[in-house]
Amino acid sequence: MRLRAFSARCSMNPASVIAIPSELLRALRRARFVAVLTGAGISAESGVATFRDAQTGLWTRFDPRELATPSAFARNPKRVWDWYAWRRERVASVEPNAGHRALVELERRVPEFLLITQNVDGLHQRAGSRKLVELHGNIARVKCSREGTIVENWSAEASEVPRCANCGAFLRPDVVWFEELLPEHALAAAEDAARRCEVLLVIGTSAEVYPAAGLPTLAQEHGGLVVEVNPNETPLSARADYVLRGASGAALPRLVSASWMP
Ligand code: OAD
């Protein structure tokens, strides 16, 4: 029988030691396939705002219905464009943190690996992660709002929303908005990984947004161990096989070093 929701608590102080159960370390070391699902929390220590954290979360300060839906863009493309431009600049000005880097090390250690991210900030790639799928797109990419084609050449300086050179429609960020479908290939790869992995690490996500939030259940249904890394309780916490209650910048380097460098 599985140990349910072992809670290795630590404070947000990165120096504090997180106790990690030895069965978890063994499971990680022996796993042939490790998958990882990340959310905004892994980038919090880089200075990127999460969505739902009280006080600092983007969706506590901005209304997603006015900024992250196709109808919001149709109503006011400039407002939506400018908001994403502001976030794009913010993301470009920060650096990956110890949590991102620990996942690069993990990718090197396990035979089969997939990092599934809900983040659009590109920090995993900048840290060096290679085996990765982006479920919600990437804020640095821009596409035609009508044709969906990725556009490489556009001006970030223009005061108006840039238009597609081919059809004249507005350009938009290549991110998934509410009411939109996820990229088919990315979701298929994520679901395949959830079904086949022996361990799924679920890091820095409120586990509220589907279909990503359904991946831990899929993994458990197929025999995978689910490990949550989050300083706060989420709807997943009670169902996770292990919970590392701490910031990912502290917990992940410790998890990787304790597994392979005892
Ligand atoms: P949320 O903002 O919903 O959740 C962030 C999670 O990170 C929370 O559970 C926090 O407790 C946790 N957290 C905060 N600091 C952390 C730290 N240092 N280390 C680890 N965890 C930490 O963000 P997501 O779950 O990513 O979608 O949100 C899912 C989707 O909702 C996003 O991709 C976005 C949003 O609407 C789109 O934009 C399409």
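Preceding this section is the structure that the text describes.
Counting from 1, residues in each chain are numbered in the order their sequence is written. Only residues with pLDDT of 70 or above have their local features reported here, since the model is predicted, and side-chain atom pairs are shown and tallied only from 80 upward, although totals for entire chains, interfaces and linings are computed over all residues. Side-chain figures throughout are based on the complete set of non-hydrogen atoms in the structure, without hydrogens or water.

*Asks:* I'm lost on the layout of surface pockets in this one. Help?
*Replies:* To find leftover empty space, one rolls a probe the size of a water molecule over the atoms. Volume-wise, the largest pocket comes out at about 880 Å³. A 1.4 Å probe that fits into a set of points on a 1 Å grid over the protein atoms alone but cannot get out defines a cavity; an open set with protein on both sides within 12 Å along at least five of seven lines defines a pocket, and lining residues are those with an atom within 4 Å of a point. Lining the largest pocket are 45 residues, with A40, T50, F51, R52 and S206 sitting closest to its centre. All amino acids are sorted into three groups, where Ala, Val, Leu, Ile, Met, Phe, Trp, Tyr, Cys and Pro are nonpolar, Asp, Glu, Lys and Arg are charged, and the leftover types, Gly among them, are polar. Partitioning the lining of the largest pocket into residue classes produces 22 nonpolar, 15 polar and eight charged. Grid points are joined across faces, edges and corners, and a volume is the space filled by probe spheres set on the points.

*Asks:* Is there a simple way to explain the packing of aromatic side chains in this structure?
*Replies:* In this description, a pair of aromatic rings is defined by centroid distance and the angle of the planes. Stacked, tilted and edge-to-face are the three classes applied to pairs of Phe, Tyr and Trp rings, where Trp contributes its six-membered ring and a pair requires centres within 6.5 Å; stacked means planes under 30 degrees apart, edge-to-face means over 60, and tilted covers the rest. Counting across every chain of the model gives 11 aromatic pairs. Taking the centre distance of 6.2 Å and the plane angle of 50° together, the rings of Y84 and W177 count as tilted. Linking Y84 in helix α5 (residues 77–92) with W177 in the loop between β6 (171–175) and α8 (184–196), this pair joins segments that are 93 residues apart in sequence. Taken as a pair, Y84 and W177 share a single burial class, namely buried. Ring pairs connect the aromatic residues F51, W59, F62, F73, W83, Y84, W86, F170, W177 and F178, which therefore count as one cluster. Lysine and arginine charges are scored as sitting over a ring when NZ or CZ, respectively, is within 6 Å of the ring centre and within 35 degrees of the ring normal. Lying over the aromatic face of W81, R88 brings its terminal NZ or CZ to 5.3 Å of the ring centre. Counting from the N terminus, the helices are DSSP H or I runs at least four residues long and the strands are E runs at least two residues long. Under the scheme applied here, a residue whose accessible area is under 20% of the maximum for its type counts as buried, over 50% as exposed, and between as partly exposed, the area being computed with a 1.4 Å probe on protein chains only.

*Asks:* Would you mind going over empty space enclosed by the protein with me for this structure?
*Replies:* Evaluated as defined, the whole model comprises one cavity of 30 Å³ or more. Volume-wise, the largest cavity comes out at about 40 Å³. Around the largest cavity sit L37, Q118, V202, T205, A207, E208, V209, A212, A213 and P216, which together line it. Of the residues contributing to the lining of the largest cavity, the split by class is seven nonpolar, two polar and one charged.

*Asks:* I'm lost on the site of the ligand in this one. Help?
*Replies:* Here a residue is considered near a molecule or strand provided that any single heavy atom belonging to it is located within 4 Å of it. Every one of the 24 residues lining the ligand counts as a neighbour, but F51, R52, T205, S206 and N230 are closest to it. Nitrogen and oxygen atoms within 3.5 Å of one another constitute a polar contact, given that in protein one can donate a hydrogen and the other can accept it, and given that sequence-neighbouring residues count only through two side-chain atoms. Here an oxygen atom of the ligand and a backbone polar atom of F51 are 2.7 Å apart. Only the protein chains shown count as covering a residue, and every accessible area follows the Shrake-Rupley method with a 1.4 Å probe. For the ligand, the protein covers 94% of the area, taking 800 Å² as the surface of the free molecule. A molecule is said to be in a cavity or pocket once over half of its atoms fall within 2 Å of that pocket's grid points. With respect to the pocket detection grid, the ligand is positioned in the largest pocket. When its residues are assigned to classes, the shell around the ligand shows nine nonpolar, 12 polar and three charged.

*Asks:* For this particular structure, what's the right way to read the pairing of strand β3 (residues 112–117)?
*Replies:* The side chains of a regular strand alternate, first on one face of the sheet and then on the other. When you tally the buried positions in β3, you get five out of six residues, the bulk of the element. In the sheet, strand β2 (residues 33–38) pairs with β3 via six bridges, with the strands oriented parallel. Of the residues in β3, the one forming a bridge with T38 is T117. In this sheet, strand β4 (residues 132–134) lies alongside β3 in parallel orientation, the contact comprising three bridges. Pairing of I116 across the sheet is with V133, part of β4. Any two strands between which DSSP finds at least two bridges are classified as paired.

*Asks:* Before we go on, may I ask you to explain the environment of F178 in this structure?
*Replies:* Mapped onto the fold, F178 is located in the loop between β6 and α8. Residue F178 is classed as partly exposed on the basis of its relative accessible area, which comes to 36%. Residues F178 and A165, 13 residues apart in the sequence, show an inter-C-alpha distance of 27 Å. In this analysis, two residues are considered to be in contact whenever any of their non-hydrogen atoms come within 4.5 Å of each other. Not counting residues within four places of it along the chain, the set of residues in contact with F178 comprises R52, W59, P64, A68, T69 and P70.

*Asks:* Which parts of the structure should I look at to understand α5?
*Replies:* Take the residue count of a helix, subtract one, and multiply by 1.5 Å to get its expected span. Over its 16 residues, α5 runs 22 Å from end to end, which matches the ideal 22 Å to within 8%, given 1.5 Å per residue. Those residues of α5 that sit buried are P77, V80, W81, W83, Y84, A85, R87, R88 and V91. Check the buried side of α5 and you find it contacts α2 (58–61), α3 (64–67), α4 (70–75), α7 (123–127), β5 (137–144) and β6.

*Asks:* Just checking my understanding: could you explain the environment of P111 for this structure?
*Replies:* If you trace the backbone, P111 turns up in the loop between α6 (98–109) and β3. Judged by its relative accessible area of 46%, P111 is partly exposed. When the C-alpha atoms of P111 and R30 are compared, they prove to be 9.9 Å apart, with 81 residues separating the residues in sequence. Setting aside anything within four residues of it in sequence, one finds P111 in contact with A31, R32 and K131.

Taken by themselves, the reported measurements are silent on function.
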